[in-house]
Amino acid sequence: DAAFRKGCSLLQRGQFQAASEQLSFALEVNPDDDSTRLHAAYAAFMSEPLAGGERSREAMAQLERVAKIAQDRPKDVNAQLFHAKLLKLTLCDLA
């Protein structure tokens, strides 16, 4: 799907807000696709700025979505990579 490909391309370039918008649209079109859900959750988390040094509830909900997908798909490299990146970021937030 074009929105998914465009969202992934934006994600790779670090354009998280635009990627989040494209991937959210792709998720509306294909709500049962775990890969789309994973990429959309990661982009949404990354597009959320820190507020007073803390992540918003929505950003943390996105992290939980990624963690659930990673748990359900232990051999999915993207799921494990996104989960590890987000865990690292949240640990750095706490430091």
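Just above, that's the structure.
Residues numbered from 1 in each chain as written. Predicted model: local features only at pLDDT ≥ 70, side-chain atom pairs only at ≥ 80, totals over all residues. Heavy atoms only, no water.

Peer 1: What should I look at first to understand the overall build of the chain in this one?
Peer 2: Of the regular secondary structure elements, the chain holds 5 helices and 0 strands. The N-to-C order of helical and strand elements in the chain reads α-α-α-α-α. Residues counted as buried form 36% of the 95 residues belonging to the chain. Here the chain has roughly 5900 Å² of accessible surface; of this, 54% comes from carbon and sulfur atoms. (Helix = DSSP H or I, 4+ residues; strand = E, 2+ residues; numbered from the N terminus. Buried < 20%, exposed > 50% of the residue type's maximum accessible area, 1.4 Å probe, protein only. Areas by Shrake-Rupley, 256 points an atom, 1.4 Å probe, with all protein chains shown as cover.)

Peer 1: What is the right way to read the packing of aromatic side chains from this model?
Peer 2: For any pair of aromatic rings, geometry is given as the distance between the ring centres together with the angle between the planes. Across all of its chains, the model carries 1 aromatic pair by this definition. For the ring pair Tyr42 and Phe82, a centre distance of 4.3 Å and an interplane angle of 10° mean the geometry is stacked. Of this pair, Tyr42 sits in helix 3 (residues 34-47) while Phe82 sits in helix 5 (residues 77-94), and the two are 40 residues apart along the sequence. No difference in accessibility class separates Tyr42 from Phe82, as the two residues are buried. (Phe/Tyr/Trp six-rings, centres within 6.5 Å; stacked < 30°, edge-to-face > 60°.)

Peer 1: It is not clear to me how the side chain of Asp76 should be interpreted in this structure. Could you clarify?
Peer 2: Position of Asp76 among the secondary structure elements: in the loop between helix 4 (57-72) and helix 5. Take Asp76: its relative accessible area is 17%, and that puts it in the buried class. Within the structure, the side chain of Asp76 is placed 3.0 Å from the backbone nitrogen of Ala79, a separation counted as a polar contact. (Polar contact = N/O pair within 3.5 Å; in protein donor to acceptor, adjacent residues only side chain to side chain.)

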